[in-house]
Amino acid sequence: MTEKGTPVVTEMQVIPVAGRDSMLMTLSGAHGPFFTRNLVILKDSAGHTGIGEIHGGDYTCEALTSCIPLVVGKPIGMYRKILDSIHKASRRAKEDDGEGIQSLDISKLKFVVKAEWAIECALLDLLGQYLDLPMCELLGDGKQRDRVETLGYLFYVSDKGKAEQLEYLDERESSDPWYRMRRQEMLTPERIVEQAQVLHEKYGFRNFKLKGGVLAGAEEMEAVKALKQAFPKGRINIDPNGAWSLEEAISLCRPMEGVLTYVEDPCGPEAGYSSREVMAEFKNAVKLPVATNMIATDWRQFYHAAALKSVDIVLADPHFWGFGGSVRMAQTLNDWGLTWGSHSNNHFDITLTAFAHVAAAAPGAPTALDTHWIWQDGQNLLKDTPQIVDGYLQVPEKPGLGVTIDMERVLEANRLYKKLSTHDRDDAMAMQYLIPGWKFDSKKPCLVR
Ligand code: GKR
Ligand code: MG
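Colleague: Tell me about the sheet that holds strand β14 (residues 388-389), and please be specific about residues and values.
Modeller: With antiparallel pairing, the three strands of this open sheet are ordered in space as β6-β15-β14. Looking at the sheet topology across the chains shown, the edges are occupied by β6 (147-149) and β14. Sheet topology note: the β6/strand β15 (residues 392-394) ladder contains three bridges and is antiparallel. Its bridge partner lying in β15, Val148 is registered against Leu393.

Next up, the structure:
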């Protein structure tokens, strides 16, 4: 590879970090008090710093570290070549059976997440700074919008008092109504509506997604109805992560036509049929658009999902698809009359910024973006976190990602990470404080045992 005049990467740091979380409930159990992420920080010969963020855990951290020799010393203008060399060098892990996350087995999430996309993000950040262009101008056909509609991601939350040993953060004394609320128990339709109202007040969200797979489906639908009553113009979605059987999903969702705007991963694999086949049958039976972040997480899965007409909305998380790949998916979906959106897991504000750029480059009318970040707001790693105002995430206008990393906060988050005894997400651990001996079952809502 010869240098073509663009700056050269002079340093690549991989910094694992941790943050605090609430006892959020999902099919996979209860979120523990800490979540982990990996950061990539690149320096180049022009004196710029490029940053990227991706899922946490040792597997992803080691994958990133092994890429350092393929990145350092390379010109940033060759970023596609750098990524290509990483893809060609990567090997499928022995434990990766290729099932992906179609059953929400979160121990398999690390195989769906592609570590190198944190490097892609940091390289695009550098290239944008070199070219004096915001990152979204380097993706697809460039910037399509100045702000990105974002949804309020609602969760059932359990009483952390039942797991006192786990050191969940307590924000009861906060002066911010949302911060005060987000660490408390919220398990009823009334509390879910209050959650949405407080989020609406703080961030202006008009559209909401409720994380299901927690209570019996009929109970969760009561919360959905209450949300629609409180926000009649809101687009309401529920995501049980495939917890319902096909039959149950049909009987729960049919009466919700007109209440739900769409439904996310209502059912999963069953009776020898893949989730793509089962979701296609669901779509034939219920007149609701269907979204997924579980059954189409790579191009081969997407081919089958599209051929079977299993989905209308693909939540193409850039951590799974890459930044270029996610925008390529947005273009394809738009050309085919389908809809693009993005999925998220717990993350800091570097990922929030990256979402803003990817969604800014997505053509057509994307569905309001998922973000977990509201549960982490205040633990920022940037000096200039993009704001969510009136339900829209602002797209930074400065070159590259357009934000500045706060190294003091990063080092603090790294110190927290080093104190943790494990770096992998384990939702069964916290769940066992609520239900002793609890085990994950992809077909049983987590509080139904
Ligand atoms: O963070 O517990 C969580 C979410 O439930 C996550 O695991 C899902 O992947 O948010 C995600 C989704 O939309 O399915
Ligand atoms: Mg989902």
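Colleague: Describe the coordination of the magnesium ion (ligand 2), listing the residues and the values that go with them.
Modeller: Donor atoms from the polypeptide that coordinate the magnesium ion (ligand 2) comprise Asp239 (OD), Glu264 (OE) and Asn293 (OD1), at 1.9 to 2.1 Å from the metal. Read N to C, the donor residues that coordinate the magnesium ion (ligand 2) are spaced as D-x24-E-x28-N. Residue Asp239 is found in strand β9 (residues 236-239), and its partner Asn293 is found in the loop between β11 (290-292) and α11 (299-307); the two are separated by 54 residues along the sequence. Summarising the burial analysis for this pair, Asp239 and Asn293 share the class buried.

Colleague: I'd love a proper account of the nonpolar core, names of residues and values included.
Modeller: Formed by 146 residues in total, the largest nonpolar core has its most connected members in Phe282 and Trp340. Two domains share this core, each providing at least three of its residues, namely domain 1 (9-134 + 408-419) and domain 2 (138-401). Residues contacting Phe282, with those up to four places away along its chain left out, are Leu246, Ala249, Ile250, Cys253, Val263, Pro266, Cys267 and Val290.

Colleague: How would you explain the pattern of salt bridges if you had to name every residue and give the values?
Modeller: Taken as a whole and assessed by the stated rule, the structure comprises 22 salt bridges. Between Asp370 and Lys209 there is a salt bridge, and its shortest N-O distance comes to 2.5 Å. Taken as a pair, Asp370 in the loop between α14 (349-361) and β14 and Lys209 in strand β8 (residues 208-211) lie far apart in primary sequence, 161 residues in all. Each member of the pair, Asp370 as well as Lys209, carries the same accessibility label: buried. In this structure, a network of salt bridges that share partners links the residues Lys209, Lys211, Asp239, Glu264 and Asp370.

Colleague: Tell me about the layout of surface pockets, residues and numbers included.
Modeller: Empty space among the atoms can be located by rolling a probe the size of a water molecule over them. Estimates place the volume of the second largest pocket at around 940 Å³. Taken together, 40 residues line the second largest pocket, and the ones lying closest to its centre are Phe34, His423, Asp424, Arg425 and Asp426. Residue contributions to the lining of the second largest pocket peak at four residues, all from strand β4 (residues 34-44). By residue class, the composition of the lining of the second largest pocket is 14 nonpolar, 15 polar and 11 charged. Formed jointly, the lining of the second largest pocket draws a minimum of three residues from each of two domains, domain 1 (9-134 + 408-419) and domain 2 (138-401).

Colleague: Describe the site of ligand 1, and please don't skip the residues or the numbers.
Modeller: Around ligand 1 sit 15 residues, and of these His31, Tyr153, Lys209, Asn241 and Arg425 come closest. Separating an oxygen atom of ligand 1 from a side-chain N or O atom of Lys211 is a distance of 3.1 Å. At 2.8 Å from an oxygen atom of ligand 1 is found a side-chain nitrogen or oxygen belonging to Arg425. Within the complex, 99% of the 340 Å² of free accessible area of ligand 1 lies under protein. Structurally, ligand 1 is housed in the largest cavity.

Colleague: Account for the domain arrangement of the protein, naming residues and giving values.
Modeller: Considered domain by domain, the protein is made up of domain 1 (9-134 + 408-419) and domain 2 (138-401). Computed from C-alpha coordinates alone, the two centres of domain 1 and domain 2 are separated by 22 Å. Of the residues lining the interface, 46 residues belong to domain 1; the matching set on domain 2 comes to 59 residues. Overall, the association of domain 1 and domain 2 removes approximately 4,400 Å² of surface from exposure, summing both partners, and the carbon and sulfur fraction of that is 64%. The interface formed by domain 1 and domain 2 includes zero salt bridges. Of all elements in the fold, only β1 (9-20), β2 (25-26), β4, β5 (49-55), α4 (109-112), α5 (116-131) and α15 (407-419) reach the threshold of two or more residues within the side of domain 1 that touches domain 2.

Colleague: How would you sum up the pairing of β5? Please name residues and give values.
Modeller: Across the seven residues that make up β5, a large majority, six, are buried. From the end of β4 to the start of β5, which pair antiparallel, there are four residues, and Gly47 there has a positive phi angle of about 90 degrees.

Colleague: Can you tell me about the pairing of β4, naming the residues and giving the values?
Modeller: Of all 11 residues making up β4, nine are buried, and the element is well covered by its neighbours. Summarising the sheet, β1 and β4 pair through 11 bridges and their orientation is antiparallel. Across the sheet, residue Arg20 finds its bridge partner in β4, namely Phe34. With seven bridges joining them, β4 and β5 adopt antiparallel strand pairing. Considered in β5, the bridge of Arg37 is made with His55.

Colleague: Break down a negative patch on the surface for me, citing the residues and quoting the values.
Modeller: The grouping of Asp58, Glu62, Asp424 and Asp426 at the surface amounts to a negative patch. A residue is classified by how much of its surface remains accessible, and Glu62, at 55% relative accessible area, is exposed.

Colleague: Tell me what's going on with helix α9 (residues 246-253), and back it up with residues and numbers.
Modeller: Here α9 has its buried residues at Leu246, Ala249, Ile250, Leu252 and Cys253. Contacts from the buried residues of α9 go to α8 (217-230), β10 (262-264) and α10 (275-285).

Colleague: How would you sum up empty space enclosed by the protein? Please name residues and give values.
Modeller: Throughout the structure, instances matching the rule amount to one cavity of 30 Å³ or more. Roughly 170 Å³ of volume is contained in the largest cavity. For the lining of the largest cavity, the residue count by class is six nonpolar, nine polar and two charged. Lining the lining of the largest cavity are residues from two domains, each supplying at least three of them: domain 1 (9-134 + 408-419) and domain 2 (138-401).

The rules behind each value
- Residues numbered from 1 in each chain as written.
- Chains lettered and ligands numbered in written order.
- Predicted model: local features only at pLDDT ≥ 70, side-chain atom pairs only at ≥ 80, totals over all residues.
- Heavy atoms only, no water.
- Pairing = 2+ DSSP bridges.
- Helix = DSSP H or I, 4+ residues; strand = E, 2+ residues; numbered from the N terminus.
- Donors = N, O, S within 2.8 Å, 3.2 Å for Na, K, Ca; no water.
- Buried < 20%, exposed > 50% of the residue type's maximum accessible area, 1.4 Å probe, protein only.
- Core = buried A, V, L, I, M, F, W, Y, C linked by side-chain atoms within 4.5 Å.
- Domains from an automatic or database assignment.
- Contact = heavy atoms within 4.5 Å.
- Salt bridge = Lys/Arg side-chain N within 4 Å of Asp/Glu carboxyl O.
- 1 Å grid on protein atoms, 1.4 Å probe; cavity = no way out; pocket = protein on both sides within 12 Å on 5 of 7 lines; lining within 4 Å.
- Points joined across faces, edges and corners; volume = space filled by probe spheres on them.
- Nonpolar A, V, L, I, M, F, W, Y, C, P; charged D, E, K, R; others polar.
- Near = heavy atom within 4 Å.
- Polar contact = N/O pair within 3.5 Å; in protein donor to acceptor, adjacent residues only side chain to side chain.
- Areas by Shrake-Rupley, 256 points an atom, 1.4 Å probe, with all protein chains shown as cover.
- Sits in = over half its atoms within 2 Å of the grid points.
- Buried area = accessible area lost by both parts, 1.4 Å probe.
- Patch = residues over 30% accessible without salt bridge, like charges linked within 9 Å, V, L, I, M, F, W, Y side chains within 5 Å.
- Lys, Arg positive; Asp, Glu negative; His and termini not counted.
- Charge placed at Lys NZ, Arg CZ, Asp CG, Glu CD.

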